[in-house]
2 protein chains.
Amino acid sequence: MARSRVTIRDVAAAAGVSRQTISRVINGSDLVSPETEARVRDAVRQLGYQPNAIARSMALGRTQTLACLSPNLTDYTFASVIDGAEAAVRARGYFLMSSSAPDPDTFASLVGELAGSGYIDGILVINPFADNRHRYLPHAFPTVLIGARPRAGVVDSVALDDVEAGRMATRHLWVLGHRQIATVTGATCRGLFTRSIKRL
Amino acid sequence: MARSRVTIRDVAAAAGVSRQTISRVINGSDLVSPETEARVRDAVRQLGYQPNAIARSMALGRTQTLACLSPNLTDYTFASVIDGAEAAVRARGYFLMSSSAPDPDTFASLVGELAGSGYIDGILVINPFADNRHRYLPHAFPTVLIGARPRAGVVDSVALDDVEAGRMATRHLWVLGHRQIATVTGATCRGLFTRSIKRL
DNA sequence: CTGAAAGCGCTAACAC
DNA sequence: GTGTTAGCGCTTTCAG
């Protein structure tokens, strides 16, 4: 188990240097002599050392982990966004912890728990205006809204211009010569699409 | 930010007791006098204290966090499983960090990183036999396979009896009097379904 | 019932 | 270049 794993101390002993030097090598500091570095890397390899992320987070005050909250995980649109977010996040050396909050209450308590526990460096909120959950957005905590309308204003947000998207799709069909164009939507966006088409 | 938050120290000072006592109250130890406890709870509330999960993990040697790895997040079946797992996990006071590993390589590196970093107490693997990724399952690390065939054996696993499920569905239709029964599937399970129907 | 001391594994700030 | 000294915030002995 995690408890029994080899620590920076063991590596230091094996390489005959101080822990600090190990830390330097691990974090790519360039103030280490090439030979020392080589010796350290050897020790690391032989002992199968992997730095403990928790201890690191503790010392650094940040966890390299982001949370992503969405109403649910099964909605294909949400899932796609999360998938993309995860790839982007990981490419930058972060982890993503995705959770779903079906209702505002769950959302509120999750946000409180996540933002307050120190487990997370920032939060991504998908569909922040669903059932008024934006009222429970974390205060003074790094947050990005996804799928927010641009009006979000105060916080950073990624918005999709649904109206323009509809217009583009319709125009495409129109250009192809189609004149009988139907749209299948849910209740909420029906109005937008209709308007979009009219204005073409 | 996390760094500026109120710590157990502040609460201790405010309540006029030692940190240890705060810790006891937080963790529901019963060796604290009712009045002390009340005083502590007051201080906690007034200062808006929330224990730091990282520090806690550090001291405890576990993180109360599980990881769930699936080939992707957008497959409805996977997403449903994750959604369920998350609810179950949370109900037991854990967090769930779901990640997707589209290919065996990603899977292998993710597993190594997660299992070795101390960030995670255990791993859930969805569809462990997809593209042979079971070869890269973590060694000596708490793991549960989901969607594994019962033959998994060595590790704990949750299996779905696809054949019996198909049989049940078909029988249901049969009983209703239907005789023309079709099945729409992907390439991999076609054989199973066909057999299931034949044996009815 | 409560407190004091030590330590989890790592990194930052200073020496040398 | 490299080592030493302090912590990060919490919990666990072990004393009182």
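This text follows the structure it describes.
Predicted model only: the values in this text are computed from it and were never measured. (Residues numbered from 1 in each chain as written. Chains lettered and ligands numbered in written order. Predicted model: local features only at pLDDT ≥ 70, side-chain atom pairs only at ≥ 80, totals over all residues. Heavy atoms only, no water.)

Draft legend 1. Geometry of the protein's contact with DNA strand D. For DNA strand D, the set of nearby residues contains 25 residues, the closest of which are Thr-36 of chain A together with Ile-8, Gln-20, Tyr-49 and Arg-56 of chain B. Protein-adjacent atoms of DNA strand D, using a 4 Å cutoff, are sugar or phosphate at a proportion of 55%. Contact distances for DNA strand D include 3.1 Å between a phosphate oxygen and a side-chain N or O atom of Asn-27 of chain B. For DNA strand D, a phosphate oxygen lies 2.4 Å from a polar atom in the side chain of Arg-56 of chain B. Every element with two or more residues in the surface near DNA strand D is listed here: helix H2 (19-26) and helix H4 (53-60) of chain A together with helix H2 (19-26) and helix H4 (53-60) of chain B. With five residues, H4 of chain B is the largest single contributor of residues to the surface near DNA strand D. When grouped by side-chain class, the residues that make up the surface near DNA strand D number twelve nonpolar, ten polar and three charged. (Near = heavy atom within 4 Å. Polar contact = N/O pair within 3.5 Å; in protein donor to acceptor, adjacent residues only side chain to side chain. Helix = DSSP H or I, 4+ residues; strand = E, 2+ residues; numbered from the N terminus. Nonpolar A, V, L, I, M, F, W, Y, C, P; charged D, E, K, R; others polar.)

Draft legend 2. Examining the side chain of Glu-86 of chain B more closely. With respect to the element layout, Glu-86 of chain B can be found in helix H5 (residues 76-91). Only 3.1 Å separates the side chain of Glu-86 of chain B from the backbone nitrogen of Ser-100 of chain A, close enough to count as a polar contact. In terms of polar contacts, Glu-86 of chain B uses its side chain to reach the side chain of Arg-90 of chain B, at 2.7 Å. Apart from residues lying up to four places away in sequence, Glu-86 of chain B is in contact with Leu-73, Ser-98, Ser-99 and Ser-100 of chain A together with Leu-96 of chain B. (Contact = heavy atoms within 4.5 Å.)

Draft legend 3. Up close: the packing of aromatic side chains. Evaluated as defined, the whole model comprises two aromatic pairs over all chains. Arg-179 of chain B extends its terminal NZ or CZ atom over the ring of Trp-174 of chain B, reaching a point 3.9 Å from the ring centre. (Phe/Tyr/Trp six-rings, centres within 6.5 Å; stacked < 30°, edge-to-face > 60°. Lys NZ or Arg CZ within 6 Å of the ring centre and 35° of its normal.)

Draft legend 4. Region of the structure containing the protein's contact with DNA strand C. Near DNA strand C, the surroundings consist of 26 residues, among which Ile-8, Gln-20, Tyr-49 and Arg-56 of chain A together with Thr-36 of chain B are the closest. Sugar plus phosphate: this is where 56% of the atoms of DNA strand C within 4 Å of the protein reside. A distance of 2.7 Å separates a base nitrogen of DNA strand C from a polar side-chain atom of Arg-19 of chain A. Between a base oxygen of DNA strand C and a side-chain N or O atom of Arg-24 of chain B, the distance comes to 2.7 Å. Taken together, the elements giving at least two residues each to the surface near DNA strand C come down to H2 and H4 of chain A together with H2 and H4 of chain B. Tallying contributions element by element places H4 of chain A first for the surface near DNA strand C, with five residues. Here the residues of the surface near DNA strand C sort into twelve nonpolar, ten polar and four charged.

Draft legend 5. A look at the relation of the copies chain A and chain B. For these two chains of identical sequence, chain A goes onto chain B by a turn of 180° and a shift of 0.1 Å along the axis, with RMSD 0.2 Å. The transformation relating the two chain copies, once decomposed into turn and shift, fits a two-fold axis. Relative to the rotation axis, the C-alpha of Met-97 of chain A is the closest in chain A, positioned 2.1 Å from it. Interface overlap between copies: 100% of the residues of chain A at the interface are likewise at the interface in chain B, consistent with a symmetric, same-surface contact. (Least-squares fit on C-alpha atoms with pLDDT ≥ 70 in both.)

Draft legend 6. The arrangement of the interface of chain A and chain B in detail. Across the contact, 43 residues belong to chain A and 44 residues belong to chain B. Between chain A and chain B, a total of about 3700 Å² is buried, with carbon and sulfur atoms accounting for 59% of that surface. The tally of links from chain A across to chain B stands at 19 residue pairs in polar contact (both at pLDDT 80 or more). Broken down by secondary-structure element, the contributors of at least two residues to the side of chain A that touches chain B are H4, helix H5 (76-91), strand S2 (95-100) and helix H6 (104-117) of chain A. Looking at the side of chain A that touches chain B residue by residue, the classes come out as 20 nonpolar, 17 polar and six charged. (Buried area = accessible area lost by both parts, 1.4 Å probe.)

Draft legend 7. Spotlight on the side chain of Thr-21 of chain B. If you trace the backbone, Thr-21 of chain B turns up in helix H2. Setting aside anything within four residues of it in sequence, one finds Thr-21 of chain B in contact with Val-32, Thr-36 and Val-40 of chain B.

Draft legend 8. Expanded view of helix H6 (residues 104-117) of chain B. Between the first and last C-alpha of H6 of chain B there are 20 Å, a value that for 14 residues agrees with the 20 Å anticipated at 1.5 Å per step. When we look at burial in H6 of chain B, the residues that qualify are Pro-104, Thr-106, Phe-107, Leu-110, Val-111, Leu-114, Ala-115, Gly-116 and Ser-117 of chain B. On its buried face, H6 of chain B sits against H4, H5 and S2 of chain A together with strand S1 (65-70), strand S2 (95-100) and strand S3 (122-126) of chain B. Near the N-terminus of H6 of chain B, the side chain that reaches the backbone nitrogen of Asp-105 of chain B, with its oxygen 3.1 Å away, is that of Asp-103 of chain B. (Expected span 1.5 Å × (residues − 1). Buried < 20%, exposed > 50% of the residue type's maximum accessible area, 1.4 Å probe, protein only.)

Draft legend 9. Focus on the packing of helix H1 (residues 8-15) of chain B against H2 of chain B. All names here are of chain B. Across the interface, H1 lies against H2 with an axial gap of 8 Å and an inter-helix angle of 105°. By the angle between their directions, the pair H1 and H2 is classed as roughly perpendicular. Contacts between H1 and H2 pair Ile-8, Arg-9, Val-11 and Ala-12 from the former with Arg-19, Ile-22 and Ser-23 from the latter. Residue classes in the contact of H1 with H2 are distributed as four nonpolar, one polar and two charged. (Axes fitted to C-alpha atoms, helices over the stretch in contact; angles between N-to-C directions. Parallel < 35°, antiparallel > 145°, perpendicular 65-115°, else oblique.)

Draft legend 10. Geometry of the environment of Phe-129 of chain B. Residues and elements named next belong to chain B. Counting through the fold element by element, Phe-129 comes out in the loop between S3 and strand S4 (143-146). Using a relative accessible area of 16% as the deciding quantity, one classes Phe-129 as buried. When the C-alpha atoms of Phe-129 and Val-144 are compared, they prove to be 13 Å apart, with 15 residues separating the residues in sequence.

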